[in-house]
Amino acid sequence: MLLTDPAPAAQRKTSLKIASAEFVLGVANLRQLPRDGRKEVAFLGRSNVGKSSFLNRICNRKSLARPSTDPGKTRELNYYLVNKQFYFVDLPGYGYAKVPEQIRTSWGKLIEQYLKSRDQLSLVVQLIDSRHEPTELDMMMVGWLDYYRIPFIVGLTKSDKLPRSKMPAYLKGVRTHFEQFPYCKDVIPCSSITGEGKPEMLAVISRHLTG
Ligand SMILES: Nc1nc2c(ncn2[C@@H]2O[C@H](COP(=O)(O)OP(=O)(O)OP(=O)(O)O)[C@@H](O)[C@H]2O)c(=O)[nH]1
Ligand SMILES: [Mg+2]
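Criteria and cut-off values
Residues numbered from 1 in each chain as written. Chains lettered and ligands numbered in written order. Predicted model: local features only at pLDDT ≥ 70, side-chain atom pairs only at ≥ 80, totals over all residues. Heavy atoms only, no water. Helix = DSSP H or I, 4+ residues; strand = E, 2+ residues; numbered from the N terminus. Buried < 20%, exposed > 50% of the residue type's maximum accessible area, 1.4 Å probe, protein only. Contact = heavy atoms within 4.5 Å. Areas by Shrake-Rupley, 256 points an atom, 1.4 Å probe, with all protein chains shown as cover. Phe/Tyr/Trp six-rings, centres within 6.5 Å; stacked < 30°, edge-to-face > 60°. Lys NZ or Arg CZ within 6 Å of the ring centre and 35° of its normal. Pairing = 2+ DSSP bridges. Axes fitted to C-alpha atoms, helices over the stretch in contact; angles between N-to-C directions. Right-handed = clockwise from strand over helix to strand, strands pointing away. Core = buried A, V, L, I, M, F, W, Y, C linked by side-chain atoms within 4.5 Å. Expected span 1.5 Å × (residues − 1). Salt bridge = Lys/Arg side-chain N within 4 Å of Asp/Glu carboxyl O.

### Comments concerning the overall build of the chain
- A tally of helices and strands in the chain yields six helices and seven strands.
- Here the chain holds 211 residues, and the buried ones make up 49% of them.
- In the chain, the proportion of contacts linking residues at least 24 apart, taken out of those at least 6 apart, comes to 77%.
- Within the structure as shown, the chain displays about 10,600 Å² of accessible surface, and the carbon and sulfur contribution to it stands at 52%.

### Examining the packing of aromatic side chains
- Evaluated as defined, the whole model comprises seven aromatic pairs.
- Centroid distance Tyr-147 to Tyr-148: 5.1 Å. Interplanar angle 75°. Geometry classified as edge-to-face.
- Tyr-147 gets classed as exposed once you look at its relative accessible area, which sits at 63%.
- For Tyr-148, a relative accessible area of 25% translates into the label partly exposed.
- An aromatic cluster is present here, built from Phe-43, Phe-86 and Phe-88 joined pairwise through their rings.
- The residue whose ring lies beneath Lys-185 is Tyr-183, and the NZ or CZ to ring-centre distance is 5.4 Å.

### So, the environment of Val-174
- Secondary-structure assignment places Val-174 in helix H5 (residues 167–178).
- Along the backbone, Val-174 and Pro-134 are 40 residues apart, and their C-alpha atoms lie at a distance of 8.4 Å.
- Among residues more than four places away in sequence, those in contact with Val-174 are Leu-156 and Val-187.

### Observations regarding the sheet that holds strand S7 (residues 184–189)
- Pairing within the open sheet is mixed, and its seven strands lie in the order S1-S3-S4-S2-S5-S6-S7. In this open sheet, the two strands that pair with only one neighbour each are strand S1 (21–27) and S7. Across this sheet, the average inter-strand angle for adjacent strands is 20°, counted without regard to direction.
- Contacts from helix H4 (residues 136–147) reach strand S2 (40–45), strand S5 (121–129), strand S6 (152–157) and S7 within the one sheet, and its direction differs from that of S5 by about 165°.

### A closer look at the pairing of S7
- Burial analysis of S7 places five of its six residues in the buried class, which makes it a mostly covered element.
- Relative to S7, S6 runs parallel, the two sharing five bridges. Paired with Val-154 across the strands is Val-187, a residue of S7.
- Note on the crossover from S6 through H5 to S7: the handedness is right-handed.

### Focus on the pairing of S2
- Counting buried positions along S2 yields six of six residues, so the element is predominantly enclosed.
- Side-chain alternation along S2 places Glu-40, Ala-42 and Leu-44 on one buried face and Val-41, Phe-43 and Gly-45 on a second face that is also buried.
- As judged from the four bridges shared by S2 and strand S4 (residues 86–90), these two strands associate in the parallel manner. Across the sheet, the residue bridging to Phe-43 is Asp-90, located in S4.
- As defined by bridge partners, S2 adjoins S5 across six bridges and the pair is classed as parallel. Each residue of the ladder has a partner; that of Ala-42, found in S5, is Val-124.

### Section: the nonpolar core
- Counting residues in hydrophobic clusters, the biggest one holds 35 residues, and the most contacted among them are Leu-44, Leu-77, Tyr-114, Leu-115 and Val-124.
- With five residues, the single largest contributor to this core is H5.
- With sequence-adjacent residues up to four places away left out, Tyr-114 is seen in contact with Leu-30, Leu-33, Glu-40, Ala-42, Leu-77, Tyr-79, Val-89, Leu-91 and Leu-121.

### Some remarks on helix H6 (residues 198–210)
- Between the first and last C-alpha of H6 there are 18 Å, a value that for 13 residues agrees with the 18 Å anticipated at 1.5 Å per step.
- Residues of H6 that are buried include every one of Lys-198, Met-201, Leu-202, Ala-203, Val-204, Ile-205, Ser-206 and Leu-209, and no others.

### Brief notes about the pattern of salt bridges
- Within the structure shown, the criterion is met by six salt bridges.
- Between Lys-84 and Glu-22 there is a salt bridge whose closest N-O contact spans 3.1 Å. Taken together, the residues span a long stretch of sequence, with Lys-84 in the loop between strand S3 (77–82) and S4 and Glu-22 in strand S1 at a distance of 62 residues.
- A relative accessible area of 53% means that Lys-84 is categorised as exposed.
- Across the pair Asp-129 and Arg-131 runs a salt bridge whose closest N-O atoms are separated by 2.9 Å.

Structure below.
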């Protein structure tokens, strides 16, 4: 079972420091992807799960990525250059029912093509709302990641909304759910309000960028 992080305690603490982060590009068509070969870490999850908010939190910025008041708004792959070295990619949220079927299908294709063909993709942060069971689409995405052999971690967002007493049992259930996937490297509760999960996530990201 790969969910138990194999790194020794000292290494776990070696975290990434984010000194700079800037928006560089919105990609609606894969032909527009950067060609500079920098490594990428992509944030994936259903619409409104908290991708943009958590990205802001880990970059110590309030409005780098715009959190949506209007779910389904992030329609492009948004590229953020971090420390002038690598990219964080905020992927369009999937599963928002009010988006027309045709657009949902084209987003799905864009995301799948990206995941399957992007050699410099080092890690995917799959975000799942900690107040709900993973949806069918969440499980389909995780299935893709594993099938395409892309290392991923699961971030359980909005952990501030889950009563503390419920977290251990919830976490155990979710870990059991994901431990069947060899490419799932960790499951981390996180909150863009309290900052929970940020050091742990940065440590895993750092290892995948340098490894
Ligand atoms: N309580 C709480 N609310 C959060 C947290 N993260 C995000 N939210 C709220 O959830 C809503 C959606 O957050 P976003 O960051 O825009 O979600 P997203 O996944 O980027 O959404 P799309 O761009 O539509 O795919 C906003 O109203 C946020 O304020 C969190 O950790 N805790
Ligand atoms: Mg967003």
